[in-house]
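# Coordinate analysis (summary)
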Amino acid sequence: MISDRLPKSLMAGALLAVFASLAAVPAQALPIRKSHATMVLDTIDTFIVPRVEGMARSTAGLATAVDTVCKESGSQAARKAAAAAFAETVRAWGGLDFIRFGPATRAHRLERIFFWPDPRAFASRQLNALLAAKKPELLAPGALAGQSVAVQGLTALEILLFDERTPLGTGTDEAARYRCALAGAIAANLHAVAEEIRAGWTGDDGFRKKMLTPGSDNVLYKDASETVREVAKALATGLELCRDRFIVPELTAVTAKPPRRVRLAFEPAGLTGVYLESSLVGLKELYEAIGLDAYVPVDKPWMNNFLPNAWSSLLADAGKLDKLRATARGSEAHLHALRKMKFDLGGIRNIIVKELAPHADIVMGFNELDGD
């Protein structure tokens with residue numbers, strides 16, 4: 001940074017040198033600085049809407065696959081196809097979970113799709129109660145929407161779909177038939193919620209229109225500075241969720257004396273890493289859609305190297321975690337990956353919140369993201 005104590009002649013010379021260096025950079029190498037309105041438009045049309053549509057498609061496939069498991073009496077091929085469809089839905093939701101504004105936040109849809117964290121195993125206990133009761137009315141379309149959020153989505157369906165002791169659809173008694181039918185009802189409910197989110201964004205009076213037309217007659221947003229704050233907060237929140245859901249709990253557990261186990265999201269399905277990777281890929285795409293890389297301060301060019309390297313490192317390390325947890329938990333390689341991911345997540349988040357957003361005139365508006 002140029003000191004304000006320098007003699008004016010030296011300061012003028014330094015500024016000229018900075019401007020000359022900028023002029024020497026090819027115009028196409030400089031990222032375009034988007035307006036707030038363009039940031040929001042690009043985020044919605046290139047990121048959010050395609051992903052909510054993808055989530056609706058993946059849940060439709062999942063509902064069909066689970067129904068096939070029941071029709072084919074739990075054949076190995078049908079269960080394998082259902083597991084693949086479940087993984088695709090987990091991947092789709094991982095790239096959307098951090099969009100915590102708009103239709104997903106209405107009617108408890110976030111929790112109805114993915115009830116997590118669940119430290120007291122509410123999903124398992126409440127699901128067991130439903131299985132014991134065997135109420136046929138709960139299998140009717142829409143009936144599960146009136147039940148606890150813990151039994152409506154991915155958390156409950158994972159329990160049924162990946163129970164190796166009682167493979168779904170393989171029994172012939174009333175309990176087995178009801179178990180499979182309930183899994184089908186949960187999958188159908190997931191699709192219904194995903195469709196509600198999709199329609200909530202894309203309808204004639206949907207949330208897309210609300211965000212793209214702020215003004216005095218808009219009860220939610222008065223101008224583009226408020227809508228761009230929403231998308232920037234989602235980015236910062238997503239980075240924090242990755243850190244607090246995956247990295248910090250595992251790092252704390254393996255460094256405890258003695259080391260202990262910790263339950264992470266989608267472990268029974270073997271999809272912990274898939275979910276984390278899909279979240280990170282989504283966050284990187286959201287970062288690019290907003291266009292924050294154009295707002296790296298001139299006096300901090302090191303960020304131009306750190307940010308792409310940190311994103312790449314995060315994705316590479318996330319791809320290793322499942323194998324490290326399975327074969328080398330607590331090893332130096334495992335600890336290194338966890339610590340590096342924590343560092344990179346914190347570094348990217350802090351740069352966004354404390355440097356890029358302010359330089360883009362985005363007021364984040366909340367303080368909980370200021371710490372590590």
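Quick note: structure is the one above.
Now for a look at the structure at hand. Because the structure is a prediction, the values reported are computed rather than measured. Chains are numbered independently. Their residues run from 1 in the order of the written sequence. Owing to the predicted nature of the model, reporting of local features is limited to residues with pLDDT of at least 70; listing and counting of side-chain atom pairs is limited to 80 or more, with chain, interface and lining totals taken over all residues. Note that the side-chain values use all heavy atoms of the structure and ignore hydrogens as well as water.

Relative to the helices and strands, Cys-70 is located in helix α2 (residues 36-71). Between buried and exposed lies partly exposed: a residue is buried under 20% and exposed over 50% of the maximum accessible area for its type, with that area taken using a 1.4 Å probe on protein chains only. Exposure remark for Cys-70: the relative accessible area of 28% places this residue in the partly exposed category. The contact rule is simple, with two residues in contact once any of their heavy atoms fall within 4.5 Å. Ignoring any residue separated from it by four or fewer positions in sequence, one finds Cys-70 in contact with Cys-180 and Ala-181. Each helix is a run of H or I in the DSSP string that is no shorter than four residues. Each strand is a run of E no shorter than two, and both are numbered from the N terminus.

Lines fitted to C-alpha atoms define the axes, with helix axes restricted to the stretch in contact, and inter-axis angles between N-to-C directions lie between 0 and 180 degrees. In contact at an axis separation of 8 Å, helix α11 (residues 303-327) and helix α12 (residues 332-359) are set at 145 degrees when each is read in the N-to-C sense. Viewed along their axes, α11 and α12 form a crossing whose handedness is left-handed. We call Asp, Glu, Lys and Arg charged. Ala, Val, Leu, Ile, Met, Phe, Trp, Tyr, Cys and Pro are nonpolar, and the rest, Gly among them, are polar. Looking at the contact of α11 with α12 residue by residue, the classes come out as 18 nonpolar, three polar and five charged. For any helix crossing, the convention is left-handed if the near helix is rotated counterclockwise from the far helix by under a right angle, and right-handed if that rotation is clockwise.

This part covers the environment of Ser-35. With respect to the helices, strands and loops of the structure, Ser-35 is situated in the loop between α1 (8-23) and α2. Residue classification places Ser-35 among the partly exposed positions, given a relative accessible area of 39%. Sequence separation between Ser-35 and Asp-361 is 326 residues, and the spatial gap between their C-alpha atoms is 9.9 Å. A polar side-chain atom of Ser-35 sits 2.9 Å from a polar atom in the side chain of Thr-38. For this analysis, a polar contact is any N or O atom pair within 3.5 Å, provided that within protein one partner can donate a hydrogen and the other can accept it, and provided that sequence-adjacent residues contribute only side-chain to side-chain pairs.

At the junction of Trp-116 and Pro-117, the peptide bond is cis and its omega measures out at 5 degrees in the coordinates. Across the junction of Lys-257 and Pro-258, the peptide omega takes the value -5 degrees, indicating a cis bond. Following the sequence through the fold, Pro-258 ends up in the loop between α9 (224-254) and α10 (272-290). The residue His-108 is not glycine, and still its phi comes out positive at about 55 degrees. Residue position: His-108 is located in the loop between α3 (76-94) and α4 (109-113). Residue classification places His-108 among the exposed positions, given a relative accessible area of 55%.

What follows covers the state of the cysteines. Any cysteine sulfur atom paired with another within 2.5 Å is treated as part of a disulfide. According to the stated counting rule, one finds one disulfide in the structure shown. In this model, Cys-70 is linked to Cys-180 through a disulfide, with the two sulfur atoms separated by 2.1 Å. For the disulfide bridge between Cys-70 and Cys-180, the dihedral angle about the S-S bond is near -105 degrees, and by the sign convention the bridge is left-handed. Here Cys-70 is found in helix α2, whereas its partner Cys-180 is found in helix α7 (residues 174-202), with 110 residues between them in sequence. What makes Cys-180 buried here is its relative accessible area of 4%.

Another point: α9. Given the number of residues in a helix, its expected span is that number minus one, multiplied by 1.5 Å. Helix length check: α9 (31 residues) gives 45 Å between terminal C-alpha atoms against 45 Å at 1.5 Å per residue, within 8%. At Asp-244, α9 shows its largest bend, some 35 degrees. Axes are fitted to the seven residues ending at a residue and to the seven starting at it; the angle between these axes is taken as the bend at that residue.

This part takes up the packing of aromatic side chains. Working definition: rings of Phe, Tyr and Trp (its six-membered ring) pair if their centres are within 6.5 Å, and the pair is stacked with planes under 30 degrees apart, edge-to-face with planes over 60 apart, and tilted otherwise. The final tally for this structure, using the stated rule, is 15 aromatic pairs. Judged by centre distance (6.0 Å) and plane angle (75 degrees), the rings of Phe-101 and Trp-201 are edge-to-face. In this pair, Phe-101 sits in the loop between α3 and α4 while Trp-201 sits in helix α7, placing the two residues 100 residues apart along the sequence. In terms of burial, Phe-101 and Trp-201 fall into one category: buried. Pairing Phe-306 with Phe-343 gives two aromatic rings, centres 6.2 Å apart and planes at 85 degrees, and the pair type is edge-to-face. Taken together, the residues span a long stretch of sequence, with Phe-306 in helix α11 and Phe-343 in helix α12 at a distance of 37 residues. Through a chain of ring-to-ring contacts, three or more aromatic side chains come together here, namely Phe-86, Phe-114, Trp-116, Phe-162, Phe-246, Phe-266 and Tyr-275.

Let us look at the layout of surface pockets. Put simply, the second largest pocket is a space of about 270 Å³. Breaking the lining of the second largest pocket down by element, the ones donating at least two residues are α5 (122-133) and α6 (154-161). Element by element, the count of residues in the lining of the second largest pocket is highest for α6, at three residues. For the lining of the second largest pocket, the residue count by class is eight nonpolar, two polar and four charged. A cavity, in this analysis, means grid points on a 1 Å lattice covering only the protein atoms where a 1.4 Å probe fits yet has no way out; a pocket is instead an open set bounded by protein on both sides within 12 Å along at least five of seven lines, and a residue lines either one if it has an atom within 4 Å of a point. Grid points are joined across faces, edges and corners, and a volume is the space filled by probe spheres set on the points.

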